[in-house]
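Overview (structure and organization)
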Amino acid sequence: MAAVGNQEEAMLVSDILRGKGRDVVTASPEKSLGQIVALLSERRIGALVVLGASGNVEGIISERDIVKAIARDGAKALERPASESMTRRVVSCRETDTVQSLMERMTEGRFRHVPVLDGDVLAGIVSIGDVVKHRLMDYETETQAMREYITHA
Ligand code: AMP
């Protein structure tokens, strides 16, 4: 974000990825829900992207989908494949999208994770936590710039 006095630049998805990296935890659609649960827990994340054999995004599965499956089928849901519980219509974004537009998509769609695509290739993922963290850093920079501006005015 630009300093006080300059025109404010829009924050982009690429700014977030620069800070957090491009690592995305993925799984194949055949993986069982039990395996997905283990991965989510091990990697301390709330969702993962489901990739087909050719690396195409087939879906996204989050802890919320797993809760829903267990509420419906009980513990035996953990033996079923991820493909049965994942969301197939994935809302994605590009690195050049603004964080503002990303927040709007998350709010409208009521989800907390958005994969970043470069063409058809997975290039990262942004969670609501990443957005909040980045916004906070941004506010701090802005507050600091304001303080310096006032002190040196
Ligand atoms: P979340 O808030 O990310 O845990 O996800 C809530 C619900 O939205 C779950 O059913 C997810 O499968 C789904 N979901 C999460 N992220 C996306 C996304 N980017 N596009 C479409 N659906 C999503």
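Residues numbered from 1 in each chain as written. Predicted model: local features only at pLDDT ≥ 70, side-chain atom pairs only at ≥ 80, totals over all residues. Heavy atoms only, no water.

Topic: the packing of helix 2 (residues 33-43) against helix 3 (residues 63-73)
For the pair helix 2 and helix 3, interaxial distance at closest approach is 11 Å and the crossing angle is 140 degrees. The pairing of helix 2 with helix 3 is recorded here as oblique in orientation. The handedness of the crossing between helix 2 and helix 3 is left-handed. Side by side, helix 2 and helix 3 meet where Leu33, Ile36, Val37 and Leu40 of the first sit next to Glu63, Ile66 and Ala69 of the second. In terms of residue class, the contact of helix 2 with helix 3 is made up of six nonpolar, no polar and one charged. (Axes fitted to C-alpha atoms, helices over the stretch in contact; angles between N-to-C directions. Helix = DSSP H or I, 4+ residues; strand = E, 2+ residues; numbered from the N terminus. Parallel < 35°, antiparallel > 145°, perpendicular 65-115°, else oblique. Left-handed = near helix turned anticlockwise from the far one by under 90°. Contact = heavy atoms within 4.5 Å. Nonpolar A, V, L, I, M, F, W, Y, C, P; charged D, E, K, R; others polar.)

A few points about the pattern of salt bridges
Overall, the coordinates contain eight salt bridges when judged by the stated rule. The residue Arg112 makes a salt bridge to Glu63 at a minimum N-O spacing of 3.8 Å. One end of the pair, Arg112, is in the loop between helix 4 (99-109) and strand 4 (113-118); the other, Glu63, is in helix 3, and 49 residues separate them in sequence. When its relative accessible area of 29% is taken as the criterion, Arg112 is described as partly exposed. (Salt bridge = Lys/Arg side-chain N within 4 Å of Asp/Glu carboxyl O. Buried < 20%, exposed > 50% of the residue type's maximum accessible area, 1.4 Å probe, protein only.)

Quick notes on the nonpolar core
Core analysis: the largest hydrophobic core is formed by 14 residues, its most contacted members being Ile36, Leu48, Ile61 and Ile66. Counting only elements with at least two residues in this core, the list comes to helix 2, strand 2 (47-51) and helix 3. Counting 12 residues, the second largest nonpolar core, distinct from the first, contains Ile16, Leu17, Met106 and Val131. (Core = buried A, V, L, I, M, F, W, Y, C linked by side-chain atoms within 4.5 Å.)

Concerning helix 1 (residues 13-20)
Those residues of helix 1 that fall on the buried side of the exposure criterion are Val13, Ser14, Ile16 and Leu17. All buried residues of helix 1 project into a common sector of 155 degrees when viewed along the axis, lining one side. Facing away from the buried side of helix 1 by over 90 degrees, the exposed positions are Arg18 and Gly19. As for helix 1, its buried residues are in contact with helix 4, strand 4, strand 5 (121-127) and helix 5 (128-152). Looking one or two residues past helix 1, Gly21 carries a phi angle of roughly 90 degrees, positive in sign. (Arc of directions from axis to C-beta.)

Brief notes about the site of the ligand
Contacts to the ligand come from 14 residues, most closely from Ser62, Asp65, Thr87, Arg112 and His113. The separation between an oxygen atom of the ligand and a polar side-chain atom of Asp65 is 2.4 Å. Here an oxygen atom of the ligand sits 2.6 Å away from a polar atom, N or O, in the side chain of His113. Broken down by secondary-structure element, the contributors of at least two residues to the shell around the ligand are strand 3 (57-62), helix 3 and strand 4. In terms of residue count, the dominant contributor to the shell around the ligand is strand 4 (three residues). Class assignment of the residues belonging to the shell around the ligand gives a composition of six nonpolar, three polar and five charged. (Near = heavy atom within 4 Å. Polar contact = N/O pair within 3.5 Å; in protein donor to acceptor, adjacent residues only side chain to side chain.)

Looking at the environment of Arg89
Here Arg89 shows up in the loop between helix 3 and helix 4. Remark: the alpha-carbon pair of Arg89 and Ile60, spanning 29 residues in sequence, is separated by 8.4 Å.

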